[in-house]
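Residues per chain, in single letters:
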Amino acid sequence: MDTFHIEGPVRLEGTIDISGSKNASLPIMAAAILAPGTTILRGVPRLSDISVLKQLLERLGAKVDRDNGDWQIDTSRIDNPVGEYEILRKMRAGICILGPLVARCGRAEVSMPGGCAIGDRPVDIHLHGMRELGAKIYLENGNIVATAEGGLRGKRIFLGGPFGSTVLGTANVLMAATLAKGTTVIESAACEPEIEDLANCLNAMGAKISGIGSPRLTVEGVTSLRPVEHRVIEDRIEAGTFMVAAGITGGRLRLRNCRLEHLLAVVDRLERIGVTVEATEDGCVVTRTGRIKPADVTTQPYPGFPTDLQAQLMAMLALADGNSVITEKIFPDRFMHVAELNRMAANLRKEGPSVIVAGVQRLIAAPVMASDLRASAALVLAGIAARGKTIVNRVYHIDRGYERIEEKLNAAGAKILRKSE
Ligand code: EPZ
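Residues numbered from 1 in each chain as written. Predicted model: local features only at pLDDT ≥ 70, side-chain atom pairs only at ≥ 80, totals over all residues. Heavy atoms only, no water.

**As for the domain arrangement of the protein**
- Taken domain by domain, the protein consists of domain 1 (2-17 + 234-420) and domain 2 (25-231).
- Domain 1 and domain 2 are separated by 31 Å when their C-alpha centres are compared.
- On the side of domain 2, 18 residues touch domain 1, which itself brings 18 residues to the contact.
- Between domain 1 and domain 2, the buried area comes to about 1,600 Å², and carbon and sulfur atoms account for 57% of it.
- On inspection of domain 1 and its partner domain 2, the count reaches two salt bridges.
- R400 is the salt-bridge partner of D49, the closest N and O atoms lying 2.7 Å from each other. (Domains from an automatic or database assignment. Contact = heavy atoms within 4.5 Å. Buried area = accessible area lost by both parts, 1.4 Å probe. Salt bridge = Lys/Arg side-chain N within 4 Å of Asp/Glu carboxyl O.)

**Considerations on the nonpolar core**
- Of all hydrophobic cores here, the largest spans 77 residues; its most connected members are L152 and L202.
- Element by element, the count of residues in this core is highest for helix α6 (residues 167-177), at seven residues.
- Counting 75 residues, the second largest nonpolar core, distinct from the first, contains V266, L319, V357 and I398. (Core = buried A, V, L, I, M, F, W, Y, C linked by side-chain atoms within 4.5 Å. Buried < 20%, exposed > 50% of the residue type's maximum accessible area, 1.4 Å probe, protein only. Helix = DSSP H or I, 4+ residues; strand = E, 2+ residues; numbered from the N terminus.)

**Observations regarding the pattern of salt bridges**
- A complete count under the given rule lists 28 salt bridges for this structure.
- With its nearest N and O atoms 3.0 Å apart, the salt bridge here joins D70 to R42. Pair noted here: D70 is in strand β5 (residues 70-74) and R42 is in strand β3 (residues 38-42), with a separation of 28 residues, a long-range link.

**Concerning the site of the ligand**
- Near the ligand you find 25 residues, and of these D124, I125, T166, D308 and I330 are the closest.
- I125 has a polar backbone atom sitting 2.7 Å from an oxygen atom of the ligand.
- Between an oxygen atom of the ligand and a main-chain N or O atom of L168, the distance comes to 2.8 Å.
- Residue assignment for the shell around the ligand shows that the elements contributing at least two residues are α1 (22-31), α5 (124-132), α6 and α12 (373-385). (Near = heavy atom within 4 Å. Polar contact = N/O pair within 3.5 Å; in protein donor to acceptor, adjacent residues only side chain to side chain.)

Right under this line is the structure:
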């Protein structure tokens, strides 16, 4: 298992190119199932989660190749509509093959995804949406078995849950609805840019989706979809992570290939904290010169503050001049990073769905344990800002969602050494 050895404190200065979005790439790769033939995807990041989905698609019968950055996904033959536990347990986002498989093959057997470090990951709303479209669904040996003899039928479906909308639940139902007979209206749909990108790609394939980017998606079912070439959007969470990297180190980073309109809630909080974000023609320049000011943050579905940047912001607020309150409304257990940051002399106290962040003067290097992908990124940022050598264990978590993160940060002055233990 790899570890990161990080020397700090370092003030980051330089330019970072943002990669394509992991969370747009995963459902869009699954959407290729709906369009027999070869779909070409551009800008897909080199991440272990993407490799896992490639493996899953190949088990279904697809041929998946990467030709110098472009993915070629040939789904002419999908003859094994089964998503196996030994793959799904590694990457629960693989659940997004469910909708496309039922729509194309009339049946699917997909392992119930396990939980993960950020807590319980139910799929009840996914199954509710598929049943509303007419699929018969039951559980057998930990697998979801879904059938739809005679195909799916459009319907008005409410997809809201106790924590608001569901991103992959919307993706699954939206993809299935494109080939359903009649019209589907998805109420309380997720509005994340990754869903917008998926819907735009589906429309390019011949789907008829309107209301894109809104919580009400209307889908006129069609009889077939055709393969396309599509470039996935930039990764807003990677961009937000590097914005915080500039803020926590008091540096200056120019981020290229990022869209500020996807990060308005993040920019709002950063500016409150004393981090300046100036738009440029292809991204932004992020600087912090004064002290870090405290701020209260609550995670919400898009366009609210993203849960995927909660840990990173907490690392920075740990160094603020005063107290902040961070409340996690999407994944209430998503606080594995709290104990690790406290090992680095942060002063964090969990109170139910919130963490009270009492700012301290400095963080002190320590060996820490990565847990979920974003908590791990937070520990890397803390290590760059802390005094001494921080060792981050289980770096494979980071490789799931960040392309060459140590290379990008080292090019801006960080001192991160990857060691294979
Ligand atoms: C997507 O996960 C992202 N992953 C997550 O990013 C992100 O944190 C999350 O959306 C929220 O924005 C991908 O896109 C691959 P949800 P998803 O369904 O779709 C509850 C990362 O770090 N819920 O929007 O699985 C659920 O428990 C990852 O890149 C149900 O109750 O998340 C949660 O509390 C981590 N029933 C809330 O909804 C369901 O059937 C939002 O989850 C589905 C979800």
